[in-house]
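Observations on the three-dimensional arrangement
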Amino acid sequence: MFLGARKLGHMSAAPVEESERRSGPLLDHLARRMRLRSESVLAPLGLRPRHLVALTVLRDSGGISQQALAGTLQLDSTNVVGLLNDLEADGLAERRRSPEDRRRHEVRLTEAGTKRLREAECALAGAEEEVLGALAPGERDLLYDLLRRATQGRSSTCGEVMAEGGPGAC
């Protein structure tokens, strides 16, 4: 896939066999295709991927503090405020002061938000069908399981892998 040895900054790359398989470029390509298709099916619903993630978190949590939502989404508070402003403007989520602590906002999915999320999930299922159409249903299940397992694993640098298994491991 990537041929030849090159010196990259302070690291030297070993020659790579032509038959050696790397999944990174394929995953990147597949992710790009899925992202573009997802954005195109979400746009008519007035949603962007970040809206979909926030709506999903709100549904799955049954309501959450604005601060906890920021932590879950790994966004700073300014970006969460903008995101929630978008969702509230469309009637998809609502913020209310916490009765226990008036300084805290609780965020909940509205009935309209639940409906829009279902519509988005149906649209995304169609997009996924298009992107992964070359795979049989069992292969899609396997791909999902493998990707899920890979995302739950600890990430290692090439240097760490080499230290554990030697130069051939990276």
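Here's a quick rundown of the structure. Please read all numbers here as calculations on a predicted model, not as lab measurements. (Residues numbered from 1 in each chain as written. Predicted model: local features only at pLDDT ≥ 70, side-chain atom pairs only at ≥ 80, totals over all residues. Heavy atoms only, no water.)

Looking now at the pattern of salt bridges. What the rule picks out here adds up to 10 salt bridges. Its salt-bridge partner being Asp28, residue Arg32 comes within 2.7 Å of it at the nearest N-O pair. Taken as a pair, Arg32 and Asp28 lie in helix 1 (residues 24-42) at a separation of four residues, close to a single helical turn. Exposure remark for Asp28: the relative accessible area of 39% places this residue in the partly exposed category. Shared partners join several salt bridges into a network, and the residues in it are Arg59, Asp60 and Glu121. (Salt bridge = Lys/Arg side-chain N within 4 Å of Asp/Glu carboxyl O. Helix = DSSP H or I, 4+ residues; strand = E, 2+ residues; numbered from the N terminus. Buried < 20%, exposed > 50% of the residue type's maximum accessible area, 1.4 Å probe, protein only.)

This next bit is on the sheet that holds strand 4 (residues 93-97). Spatial strand order, 3-5-4: three strands in an open sheet with antiparallel pairing. Edge positions in the sheet fall to strand 3 (64-65) and strand 4, since each of these pairs with one other strand and no more. By the bridge criterion, five bridges tie strand 4 to strand 5 (residues 105-109) in an arrangement that is antiparallel. Counterpart to Arg95 in the pairing with strand 5 is Val107. Its contacts with the sheet put helix 4 (residues 77-89) on strand 4 and strand 5, and the angle it makes with strand 4 is roughly 115°. (Pairing = 2+ DSSP bridges. Contact = heavy atoms within 4.5 Å. Axes fitted to C-alpha atoms, helices over the stretch in contact; angles between N-to-C directions.)

What follows covers the nonpolar core. Counting residues in each nonpolar core, the largest one holds 28 residues, and the members touching the most others are Leu47, Leu55, Leu58, Leu69 and Leu87. Residue assignment for this core shows that the elements contributing at least two residues are helix 1, helix 2 (49-61), helix 3 (66-73), helix 4, strand 5 and helix 5 (111-131). The contacts of Leu47, once residues within four sequence positions are left out, are Leu42, Leu55, Leu92, Arg116 and Ala120. (Core = buried A, V, L, I, M, F, W, Y, C linked by side-chain atoms within 4.5 Å.)

In this section: helix 4. When the terminal C-alpha atoms of helix 4 are compared, their 18 Å separation across 13 residues agrees well with the 18 Å that a helix rising 1.5 Å per residue should span. For helix 4, the set of buried residues is Val80, Leu83, Leu84 and Leu87. The buried residues of helix 4 occupy one face: seen down the axis, they fall within an arc of 95°. For helix 4, exposure combined with an orientation more than 90 degrees from the buried face picks out Thr78 and Ala89. Residues of helix 4 that are buried in the fold lie against helix 2, helix 3, strand 4 and strand 5. For helix 4, the side-chain oxygen to backbone nitrogen distance between the N-cap and Thr78 is 3.0 Å, and the N-cap itself is Asp76. Looking at the residues trailing helix 4, positive phi occurs at Gly91, about 70°. (Expected span 1.5 Å × (residues − 1). Arc of directions from axis to C-beta. Polar contact = N/O pair within 3.5 Å; in protein donor to acceptor, adjacent residues only side chain to side chain.)

Along the chain, Ser61 turns up in helix 2. Separated by 47 residues in sequence, Ser61 and Arg108 have C-alpha atoms that sit 8.8 Å apart. A distance of 3.2 Å separates a polar side-chain atom of Ser61 from the backbone nitrogen of Gly63.

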